[in-house]
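Fold and contact review
What follows is the residue order along each chain.
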Amino acid sequence: PDHYVLARSSRSGTPAGEVIEIVGDVRDANGDVILDAMIEIWQADAAGRYPGGPEGEPDPHFVGFGRASIDADGLYRFRTIRPGRVPGPGNTLQAPHIAVSVFGRGVLKRLATRLYFDGDEGHDEDPVLQAVPAARHETLIAARDAEGRWRFDIALGGDRETVFFDL
């Protein structure tokens, strides 16, 4: 297949929630696509529950984790479920998001970031997003493209460098 699928029907059932496609590229500081990059995502289900998390039992039909490499078109792709809001520190609610890790040649330790969805509620309340300078928020927010996919490009350097977190 041309993308990694986290949301699919199986003998056990179909995950609840809105099925979405996430697509993007990974570029170096010069703006060149990194063709051997690999992206890993981890996310809550549509109700905001993680496998093994304190929020209760997650959707048994949803994996919540996946990896995708850059394809022949220079893109990574995921078909997944739009995540729900999850609890944050101090009785806060985090905005719907997906944890993203980037691996590739010359990256000795994974680069960790987050993908938020343009227009979602909770951006102004999310403690992680609010810890990032407002001028850099756009590097963490995916927007719908003309085909209805969520576009999330990752820049490892340069003027539009994606915000990465020291974990």
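A brief structural summary. (Residues numbered from 1 in each chain as written. Predicted model: local features only at pLDDT ≥ 70, side-chain atom pairs only at ≥ 80, totals over all residues. Heavy atoms only, no water.)

In this structure, Leu115 sits in strand β10 (residues 111-117). When the C-alpha atoms of Leu115 and Ala72 are compared, they prove to be 23 Å apart, with 43 residues separating the residues in sequence. Ignoring sequence-local partners within four residues, the contact set of Leu115 consists of Ile22, Pro96, His97, Ile98, Val100, Leu140, Ala142 and Phe152. (Helix = DSSP H or I, 4+ residues; strand = E, 2+ residues; numbered from the N terminus. Contact = heavy atoms within 4.5 Å.)

With that out of the way, let us pick up unusual backbone geometry. Notably, Asn91 is not glycine yet its phi reads approximately 60 degrees, a positive angle. Mapped onto the secondary structure, Asn91 falls in the loop between β7 (86-88) and β8 (92-94). On the basis of relative accessibility, which here comes to 83%, the residue Asn91 falls in the exposed class. (Buried < 20%, exposed > 50% of the residue type's maximum accessible area, 1.4 Å probe, protein only.)

Right, let's get into the pairing of β10. Buried residues dominate β10, accounting for 6 of its 7 residues. Pairing geometry for strand β9 (residues 97-103) and β10, over 6 bridges, is antiparallel. Residue Ile98 lies in a different strand from β10, and its bridge partner there is Leu115. Direction of pairing for β10 relative to strand β11 (residues 141-144): parallel, over a ladder of 2 bridges. In the strand pairing of β11, Phe117 is matched with Ala142. (Pairing = 2+ DSSP bridges.)

Our next topic: the pairing of β11. Pairing geometry for β11 and strand β12 (residues 150-151), over 2 bridges, is antiparallel. In the strand pairing of β12, Arg144 is matched with Trp150. The loop that links β11 with its antiparallel partner β12 comprises 5 residues; one of these, Gly148, has a positive phi angle of about 85 degrees.

There is a patch of nonpolar side chains on the surface, built from Trp42, Val63 and Phe65 and spanning about 280 Å² of accessible area. Structurally, the position occupied by Phe65 is in strand β5 (residues 65-69). (Patch = residues over 30% accessible without salt bridge, like charges linked within 9 Å, V, L, I, M, F, W, Y side chains within 5 Å. Areas by Shrake-Rupley, 256 points an atom, 1.4 Å probe, with all protein chains shown as cover. Salt bridge = Lys/Arg side-chain N within 4 Å of Asp/Glu carboxyl O.)

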